[in-house]
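Residue-level structural notes
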Amino acid sequence: MADPIDSALDLLRRLNPKDVKKNVDHLISLNPDLTEDLLESVDTPLAVKKCSKTKRDFLCCDYNRDGDSWRSPWSNEFEPPLDDGEGVTPSDRTRKMEVKANEAFDVYRELYFEGGISSVYLWDMDDGFAGCVLLKKSVSSSPKTTGSWDSIHVFEAQDRARTAHYKLTSTVILSLGTDSEALGGLDLSGNMVRQVEQDMAVEDDTSHVANIGKMVEDMELKMRNLLQEVYFGKAKDVVGDLRSIPPLSQTNRDRQTQREMISGISR
Amino acid sequence: MSRSAALSSFIDSTPPGELADVTKAIKSILGDDSVQNELSPAFEKYNEDQLATVKLPGGSGEVVVSAHNALGDGRYYDVESQSSFAFDHATQKASGVQSYVLESNHSDLVKSLVKSLGTHASEHYPKASLGVYPIEDDSQIAIHTVANKYSPSNYWNGRWRSSYIYNPSSGSIAGTIKVDVHYYEDGNVRLITDKKVDLKVGGSANASEVVRQIANAEKKYQEDLNKAFGSLSEGAFKQLRRQLPVTRQKVEWDKISGYRLGQDIGGGRSR
């Protein structure tokens, strides 16, 4: 029998992605041994918290969590404050980069999302550092259309002489829905995951922020195109494969005529 | 939530053509092969709701399993082949085929509906299964069309279902059209739609008139759905994230702090 965690991930790849959070909770109650692995490896839509010091919203994930508290990227403090001590925060050098990265991705967010929320978290590793870049935006418009985008970019940076090796895993969770009298209910939801590795030149810590910025920007461009293709191209094509608007006898006749024309030309 | 409610919700959410995969995953997660029995009620509900299709031993096409052609004890009937069969909800296989003659005051209408619906389906569904059954003490007629296309090697599966209840005395046709598409290559994307349909034919309408109304509604729905893909792509999707910034330039990351100082980033904010 397959490893239970592999089976759980396979199941989550099949069940309605809109219910991923609920389904993870079910899986944990069915097999508590999977708890840690599931929370680590399954991406769910990002929760939002307000930083009480700066009054700015920030995003929550497993990487800025300590128990039931989350570290704000704006104040470097946990919300709500931790009962026992200060919690794990990055080293001074890494925190400096984290502040710069948050400023940079705030600009990026405004340029591409024109709204929404961004948060970047970094942590120290033995041979470099790692981090995640989170972006979230929701829209709702008439008639009764809603949409949400969550991107979760997790990366590792390994320092080498004058370069760094970056490994990036990106997930975008995109959910769209409409509900109207004319069309009825429509829900188009899901997530896609992509990975990339790259070596890039590093002069100082500012280069790291720029390098990660470029990688995330390229990745999001690629993934946005992919999502466009799958959500609006592939889904529509499959519906067309299930049912044909023009009569099939007509379509088959047209194909036949086309074949005859082609063979006529080649003769 | 109880264990069986959680398991039922998994089965309920199973994409077209993936029941065996979902069942296999559940067994492995629980480390328990005997869970099959516990899942039986969920399997039955799933198969009847989803209009499961099955090839009868010795038969040619696939016939439909629904709540409307259930005979009890896991048996179902098919009008066109005039047979009944036992259906295993866990394996989705049929056995024990027997001849079955429909007894209904509407049996002529039912047979003409099967014929008209078959002609319509062959023109618009590359592969569909149909079911027409008298229900509610012969007062109404259930009309089902289900079309599946499974392409697991390309990581996608799809299903179109339409179900109507036709009342011959009032001429009302009420039903739903549901589309379910799953795409799961390096991800998991699902399209689920649900459209209510309310139609009306004259009191003495014949089968071809009923099918003509249904055909028009289904055509209209598919056209509307195609338009919806376009408007979601041009609307909500674009509002969520631009393909490029207003400046049509990628970010100059080396000068990123300059964007801040200049406050020149709010290009599209005023909208």
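Please read these numbers as outputs of a predicted model, since none were measured by experiment.

1. Concerning a negative patch on the surface
Residue and element names in this part refer to chain A. Together, Asp3, Asp6, Glu36, Asp37 and Glu40 make up a region of like negative charge exposed at the surface. With 3 residues, the top contributor of residues to the negative patch is helix H3 (residues 35-41). Tracing the chain through its elements places Asp6 in helix H1 (residues 4-14).

2. Overview of H1(A)
Of the positions making up H1(A), those classed as buried are Ile5(A), Ser7(A), Ala8(A), Leu11(A), Leu12(A) and Arg14(A). Summarising the contacts, the buried residues of H1(A) are in contact with helix H2 (20-30) and H3 of chain A together with helix H1 (3-12), helix H2 (19-30), strand E10 (172-183) and strand E11 (187-200) of chain B.

3. A short note on the sheet that holds strand E3 (residues 65-66) of chain A
All names here are of chain A. Strand order across the open sheet formed by 3 strands is E3-E4-E5, with antiparallel pairing between neighbours. Lying at the two open borders of the sheet, with one neighbouring strand each, are E3 and strand E5 (78-79). In the sheet, E3 pairs with strand E4 (residues 69-71) via 2 bridges, with the strands oriented antiparallel. Counterpart to Arg65 in the pairing with E4 is Trp70.

4. Thoughts on the domain arrangement of chain B
Once the domains are mapped, chain B shows domain 1 (3-99), domain 2 (107-232) and domain 3 (243-271). Just the C-alpha atoms count here: the centres of domain 2 of chain B and domain 3 of chain B sit 49 Å apart.

5. Considering the pattern of salt bridges
Residue and element names in this part refer to chain A. Counting across every chain of the model gives 35 salt bridges over all chains. Between Lys18 and Asp187 there is a salt bridge, with its nearest N and O atoms 3.2 Å apart. One end of the pair, Lys18, is in the loop between H1 and H2; the other, Asp187, is in strand E10 (residues 184-201), and 169 residues separate them in sequence. For Asp199, the salt bridge is made with Arg160, and the minimal N-O distance between the two is 3.5 Å. In this pair, Asp199 is assigned in strand E10 and Arg160 in the loop between strand E8 (145-159) and strand E9 (163-180), connecting sequence segments 39 residues apart.

6. Thoughts on the packing of helix H4 (residues 107-124) of chain B against helix H5 (residues 207-234) of chain B
Residues and elements named next belong to chain B. With their axes 9 Å apart at the nearest point, H4 and H5 run at an angle of 40° to one another. Here H4 is positioned oblique relative to H5, judged by the angle of their axes. Two packed elements cross with a definite hand, and for H4 against H5 that hand is right-handed. Together, Leu109, Ser112, Leu113, Ser116, Leu117 and His120 of H4 and Ala207, Ser208, Val210, Val211, Ala215 and Glu218 of H5 make up the contact between the two elements. When its residues are assigned to classes, the contact of H4 with H5 shows 7 nonpolar, 4 polar and 1 charged.

7. A closer look at the pairing of E8(A)
Residues and elements named next belong to chain A. Relative to E8, strand E7 (residues 128-141) is paired through 14 bridges, and the arrangement is antiparallel. Bridging from a neighbouring strand, Leu135 pairs with Ser151 of E8. As judged from the 15 bridges shared by E8 and E9, these two strands associate in the antiparallel manner. Across the sheet, the residue bridging to Thr146 is Gly177, located in E9. Taken together, E8 and the strand that follows it, E9, pair antiparallel across an intervening segment of 3 residues, in which Arg162 is found at a positive phi of about 60°.

The rules behind these values
- Residues numbered from 1 in each chain as written.
- Chains lettered and ligands numbered in written order.
- Predicted model: local features only at pLDDT ≥ 70, side-chain atom pairs only at ≥ 80, totals over all residues.
- Heavy atoms only, no water.
- Patch = residues over 30% accessible without salt bridge, like charges linked within 9 Å, V, L, I, M, F, W, Y side chains within 5 Å.
- Areas by Shrake-Rupley, 256 points an atom, 1.4 Å probe, with all protein chains shown as cover.
- Salt bridge = Lys/Arg side-chain N within 4 Å of Asp/Glu carboxyl O.
- Lys, Arg positive; Asp, Glu negative; His and termini not counted.
- Charge placed at Lys NZ, Arg CZ, Asp CG, Glu CD.
- Helix = DSSP H or I, 4+ residues; strand = E, 2+ residues; numbered from the N terminus.
- Buried < 20%, exposed > 50% of the residue type's maximum accessible area, 1.4 Å probe, protein only.
- Contact = heavy atoms within 4.5 Å.
- Pairing = 2+ DSSP bridges.
- Domains from an automatic or database assignment.
- Axes fitted to C-alpha atoms, helices over the stretch in contact; angles between N-to-C directions.
- Parallel < 35°, antiparallel > 145°, perpendicular 65-115°, else oblique.
- Left-handed = near helix turned anticlockwise from the far one by under 90°.
- Nonpolar A, V, L, I, M, F, W, Y, C, P; charged D, E, K, R; others polar.

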